[in-house]
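Descriptive structure summary
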Amino acid sequence: GDYMMGDQIEGPVPRELRIAVEQQQDGDLLRLVSDMGLEREIPLAVAEEGDTLTFSLPVERRWCYRVEVWRHSEEAARMLMAAMTNPIYFGASSR
């Protein structure tokens, strides 16, 4: 759409949030987080190197959303955050 993470939307809220993930690895976990907490977890898989995975998720009545990508670390022997976006904010006139 016309918006990206870090933006504040003051007009009508889009019905869906489109997410594109690049440089993911097999076993990564995408977490969609809102002002209400963890909304959804999506396991990621790579079909071919260089693939971009895209998702469309419905937008609920929330103040903001952000995305995290978690990856297993051999050194730490657990999942660690590999990437995090800025939130996208929905202003009062948007909800």
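Residues numbered from 1 in each chain as written. Predicted model: local features only at pLDDT ≥ 70, side-chain atom pairs only at ≥ 80, totals over all residues. Heavy atoms only, no water.

1. Remarks on the environment of L57
You can see L57 is positioned in strand β5 (residues 52-58). For the pair L57 and L32, spaced 25 residues apart in the sequence, the C-alpha separation amounts to 9.5 Å. Setting aside anything within four residues of it in sequence, one finds L57 in contact with R15, E16, L17, I19, L32, R40 and I42. (Helix = DSSP H or I, 4+ residues; strand = E, 2+ residues; numbered from the N terminus. Contact = heavy atoms within 4.5 Å.)

2. Examining the pattern of salt bridges
Per the stated rule, a full pass over the model turns up four salt bridges. With a closest N to O distance of 2.6 Å, E39 and R62 form a salt bridge. Separated by 23 residues along the polypeptide, E39 in strand β4 (residues 37-43) and R62 in the loop between β5 and β6 (64-73) bring together distant segments of the chain. (Salt bridge = Lys/Arg side-chain N within 4 Å of Asp/Glu carboxyl O.)

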